[in-house]
Amino acid sequence: MAVSLPARLALLVVVLAASLMAMLYKVHKATQFHTVIDRGELADLPAENTAVHHKKGMKHKDAKDKNLAAIKSLEGRRKMMKKEEHIDNVHNTTHQKEEEDKPMNIILFYADDWRHDTLGAAGNPIVKTPVLDALAEEGIRFTENCVTTSICWVSRVTLYSGQYLARHHFEMLGRGRTITLPNGTRVEMKFEVSQNETIYSLLKQKAGYAVGHAGKLGIWVEMDRALNFDFMVEEDGWHWRKIGDRMWHITQKNTADALRFLMTRNKKKPFFLNVAYFATHAVDGDTRQYLPQNESLSMYENDTIPMPEDTYDKMPPFFGQYNEGRTRWRWRFDNVDKHQSMMKNYYRMASEVDTSVGIILKQLEMEGVLDNTLIIFTTDNGNFHAEHGLADKWYPHQESIRVPLIIKDPRMDDEFKGTLNDEFTLNIDLTATILKAAGLEPLPSMMGRDMSELYTNGGLKASTTITAQSRRKESASVEKRQYPDPASDGDGKYHSGHEAAWRTEFFYEHPMHTNPDYIPASEALVRKEWKYFYWPNHKYEQLFDMKNDPGELNDLFNSTDPMHQMKLKWMRKRFIELKMLAHSDLSIIL
């Protein structure tokens, strides 16, 4: 559907602002005193001018003298030009080297509750995301990007620490695990990640970046602002709020705060900015759930959003009517009209984020820093839109764990621009990727991998099979963190990565919240062909054939097919191995 008039006007304002800046720049340049030498003028002069002078009736001697003078003058000018060209070449080479050595800026657009297909570029025929679609055409879009725990605060601490929940232990808003001291006292832990080991602190203290955060921090824990941030504005949990004399929509506020950081930052430093949108997260206490901006309400009016079949009866038997995913399904999706209304408002808020990204990128372009900025768009977790008779996230199904990831990187090889990548990238990789872009090595405690390996220097083109001995030797030569040995099945096909290949499987985890009836704990071993679920509170297992059952509706745990039983055995064994590694204190890449 056509973009609303207010949206067009907003776009017009941005275009006019850019035009004004360009005009002012031209006026500025026109007022500067400078000399322009046409480098092509000497090349057009004839090597001999004698004949020309003779034709004009000049005396031979005079002509000769004048020709000699002209030649001397010409040679002098040529020498002068050569000298100037040499100086320019030296200047250009120096300038080019300075540009190459100049640290990259980094901007992370980190939205909330977007699943992998909430993008036009991902084939969604309804939602309009033209800015992000264009970004994908200029960069690379990762189609199998997943989170290791599908919930807001755990994903955010995973970003801040580069670690699995099993290691950073931040299980609940405002606190981590509860531990029992030797004297029997039970203590609720807070933020267990050392404040000088967060991604923010490392970039600020070690890499010398100007560090900004605009939006949802998402953990309800006070972080040391002086240690972690140069600019920090936290907004969370609302869609509309009056601030001063103005009624703000949170996406507008996120945008304004991001622009404020960019305009006021220390321009002598490279910058890292996390624009952490609250959208498209619902306001859980409001029956309307999603409250977009007024200018967006005309969008999607005439669209019909496909409604998934209610297959809640296929969920495990302990999924009762008090399961929070089912409760929220009743809030949003239990009839056609409600589903249409909720999804249209959800899409409107997604389009608003897309517009915000465009405004911020335009600011970077106007500042002249866009081409030296690493741009990442991703989200903290996926979202059920009535699939499996559920709403929200938490569980290991594809709708919950797969999220968008688009990267545009100044270092990217041309062959990868505008391409898709179907490797398993994870949110633990974000931390390593950002740190490496800033010239820092991931800490030994971090568990992800630099994703730029997939699109620079030709990418990972080597074979995906390699012996454990040579893999350990290669990884040890690069860094202290090790790659685990491959799985027993698959002849080396299943592994968490090595120097020549990316991971082909990963461990997923989510803790229980409140009680097993509310949100039961869930874990999984995820591969492209197969997925193994384990529900710890009930010691319940499931097996899904992802190639033939991408909707994860047909549990094969009780199948009598020998192949299924063998696959279950191998998946269970590998699941235990990766879970133990995640919970260990080993310096590993998972």
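Here the structure is shown first, and the text comes after it.
Residue positions are given per chain, counting from 1 as you read along its sequence in written order. With pLDDT at 70 or above as the cut-off, local features in this predicted model cover only qualifying residues; side-chain atom pairs require 80 or more to be listed or tallied, and sums for whole chains, interfaces and linings still use all residues. The basis for every side-chain value is the complete set of heavy atoms in the structure, and neither hydrogens nor water enter the calculation.

Asks: Describe helix α15 (residues 562–582), and please don't skip the residues or the numbers.
Replies: By the criteria applied, helices consist of DSSP H or I runs no shorter than four residues and strands consist of E runs no shorter than two, each listed in order from the N terminus. For a helix, the expected span equals 1.5 Å multiplied by the number of residues minus one. Between its first and last C-alpha, α15 extends 30 Å over 21 residues, near the 30 Å set by a 1.5 Å rise per residue. Regarding α15, the residues found buried are H564, K567, L568, M571, R574, F575, L578, L581 and A582. End-on, the buried residues of α15 take up no more than an arc of 155 degrees, which puts them together on one face. Exposed and oriented more than 90 degrees from the buried face of α15 are P562, K569 and M580. Among the structural elements, α6 (165–168), β15 (506–510), β16 (522–526), β17 (530–535) and β18 (540–545) are those in contact with the buried residues of α15. One side-chain oxygen of the residue at the start of α15 lies 2.8 Å from the amide nitrogen of M563, identifying that residue as D561. Here's how the labels work: a residue is buried when its accessible area is under 20% of the maximum for its type, exposed when over 50%, partly exposed in between, all with a 1.4 Å probe on protein chains only. Picture the helix axis, draw a direction to every C-beta atom, and the arc is the one those directions span. In what follows, residue pairs with any heavy atoms lying within 4.5 Å of each other are defined as contacts. What qualifies as a polar contact is a pair of N or O atoms within 3.5 Å, subject to a donor-acceptor requirement within protein and to the restriction that residues adjacent in sequence count only when both atoms come from side chains.

Asks: Go over the pairing of strand β7 (residues 240–243) with me, naming the residues and quoting the values.
Replies: For a regular strand, the rule is simple: side chains alternate between the two faces of the sheet. The pairing criterion for strands is at least two bridges between them, as found by DSSP. In the sheet, β7 pairs with strand β8 (residues 246–249) via four bridges, with the strands oriented antiparallel. Within the sheet, the bridge partner assigned to K242 lies in β8 and is M247. Taking the residues between adjacent antiparallel strands as the criterion, β7 and β8 are bridged by two residues, where G244 takes a positive phi near 70 degrees.

Asks: Can you tell me about the packing of aromatic side chains, naming the residues and giving the values?
Replies: Here the aromatic set is Phe, Tyr and Trp, taking the six-membered ring for Trp, and pairing holds for ring centres within 6.5 Å; pairs whose planes are under 30 degrees apart are stacked, those over 60 apart are edge-to-face, and all others are tilted. Here the structure, examined in full by the defined rule, presents 25 aromatic pairs. Ring plane angle 55 degrees and centroid distance 5.6 Å describe the contact between Y395 and W535, whose orientation is recorded as tilted. Within this pair, whereas Y395 is found in the loop between β12 (391–392) and α12 (398–401), its partner W535 is found in strand β17, the two being separated by 140 residues in sequence. Neither residue differs from the other here; Y395 and W535 are each classed as buried. Ring centres of Y534 and F575 lie 5.9 Å apart, and the angle between their planes is 55 degrees; on these two criteria the pair is classed as tilted. Of this pair, Y534 sits in strand β17 while F575 sits in helix α15; the two residues are 41 residues apart in sequence, bridging distant segments of the chain. Through a chain of ring-to-ring contacts, the aromatic side chains of Y312, F318, F319, W394, Y395, F533, W535, Y540 and F544 assemble into a single cluster. When the ring centre of Y312 is taken as reference, the NZ or CZ atom of R326 above it lies at 4.4 Å. Lysine NZ or arginine CZ positioned within 6 Å of the ring centre and within 35 degrees of the ring normal marks a charge as sitting over the ring. The residue whose ring lies beneath R326 is W329, and the NZ or CZ to ring-centre distance is 3.7 Å.

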